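# Tertiary structure, described
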Amino acid sequence: MKNPELGDSLPAAHPNEATLSLLRLRRSTPADFMAEPGPDADALSDMLTIAARVPDHRRVVPFRFIRFQGEARIRFGDTLGKVFLANTPDAGENKVALERNRFCRAPVVVAVISSVNRAHRTPEWEQILSAGAVCQNLLLAANAHGFAAQWLTEWYAFDEQVAKALMLSENERIAGFVYIGSTNDSPKERGRPNLNSIISDY
Ligand SMILES: Cc1cc2nc3c(=O)[nH]c(=O)nc-3n(C[C@H](O)[C@H](O)[C@H](O)COP(=O)(O)O)c2cc1C
């Protein structure tokens, strides 16, 4: 079944080795190691559909997406360069050029925006957690579609001028910029938590 309709019966569990393997082996790829091609319109749309399919207490939908593709990445790079220079007036040309190029590291960048509804009785904390789950779902969907992905914030997720340029409302914050592209990189395993140190029995 592709995308279910409202009220369709769905399986409660999905025993599937390929899914377990993705979850066990998943790794991020640094945006610096990404290249064309990116997902086509249908693949990206499917990734965002999957990403939006997260637990969301009382269906607040406390998130939204901004897509950056093609020339839009260059336009946003102009903004990043300008804001960076305003914040760091003595930055050298090379540093500014690096900032201008950030979104051109990957063919597609998706900003996941956390949009908290403060008037809603669902606690703000829960709404923020849902937006985080969206980012993780998007990473997994991108990997399962055959693309490398990385969830980044970097400085520009926290900059007021950048937020203004993206027309974020006062209840909105950037949960992450998810970079998506192709790669030849084979990321190495990184340290993972020692389960014994994070599990206790009540
Ligand atoms: C909210 C959030 C923001 C992140 N921002 C950055 C970042 O700005 N720069 C960075 O190098 N890694 C950042 N990371 C970490 C990477 O996305 C990635 O998880 C990390 O490199 C570990 O790789 P793994 O996903 O393969 O375990 C961030 C992760 C999260 C959850």
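In the block above lies the structure referred to throughout.
Let me begin by describing the structure that accompanies this report. Worth saying up front: this structure is predicted, and the values here are computed from it rather than measured. (Residues numbered from 1 in each chain as written. Predicted model: local features only at pLDDT ≥ 70, side-chain atom pairs only at ≥ 80, totals over all residues.)

Put simply, helix α2 (residues 41–51) and helix α5 (residues 124–144) touch, their axes get as near as 8 Å, and they point 140° apart. If you check the angle between α2 and α5, you find them oblique. The crossing of α2 and α5 is right-handed. Between α2, through Met47, Ile50 and Ala51, and α5, the contact on the second element is made entirely by Val134, Asn137, Leu138, Ala141 and Ala142. Of the residues assigned to the contact of α2 with α5, the class counts are seven nonpolar, one polar and no charged. (Axes fitted to C-alpha atoms, helices over the stretch in contact; angles between N-to-C directions. Helix = DSSP H or I, 4+ residues; strand = E, 2+ residues; numbered from the N terminus. Parallel < 35°, antiparallel > 145°, perpendicular 65-115°, else oblique. Left-handed = near helix turned anticlockwise from the far one by under 90°. Contact = placed C-beta atoms within 7 Å. Nonpolar A, V, L, I, M, F, W, Y, C, P; charged D, E, K, R; others polar.)

With that settled, consider the pairing of strand β2 (residues 108–115). Most of β2 is tucked away, with seven of its eight residues classed as buried. As paired strands, strand β1 (residues 63–69) and β2 are joined by seven bridges and run antiparallel to one another. Bridging from a neighbouring strand, Ile66 pairs with Ala111 of β2. In this structure, β2 lies alongside strand β4 (residues 172–181), joined through eight bridges in antiparallel fashion. By the bridge assignment, Ser114 is partnered in β4 with Arg173. (Buried ≥ 20, exposed ≤ 12 C-beta atoms within 10 Å, placed from the backbone. Pairing = 2+ DSSP bridges.)

Let's shift gears to the sheet that holds strand β3 (residues 148–152). Here we have four strands laid out as an open sheet, ordered β1-β2-β4-β3, and antiparallel in their pairing. For this open sheet the edge positions go to β1 and β3, each flanked by a neighbour on one side alone. This sheet shows a mean twist of 20° between the axes of neighbouring strands, independent of strand direction. In the packing of helix α3 (residues 71–87) onto the sheet, contacts are made with β1 and β2, and the angle to β1 comes to roughly 100°. Running at roughly 5° to β4, α5 makes contact with β1, β2, β3 and β4 of the sheet.

What follows deals with the site of the ligand. Neighbouring residues of the ligand: Arg27, Ser28, Gln150, Trp151, Leu152, Thr153, Glu154, Gly176 and Arg190. In terms of residue count, β3 provides more of the shell around the ligand than any other element does, three residues in total. Class assignment of the residues belonging to the shell around the ligand gives a composition of two nonpolar, four polar and three charged. (Near = placed C-beta within 6 Å.)

Every α-helix carries 3.6 residues per turn, so stepping three or four residues along brings you back to the same face. When the terminal C-alpha atoms of α3 are compared, their 25 Å separation across 17 residues agrees well with the 24 Å that a helix rising 1.5 Å per residue should span. For α3, the elements touching its buried residues are β1 and α4 (93–100). (Expected span 1.5 Å × (residues − 1).)

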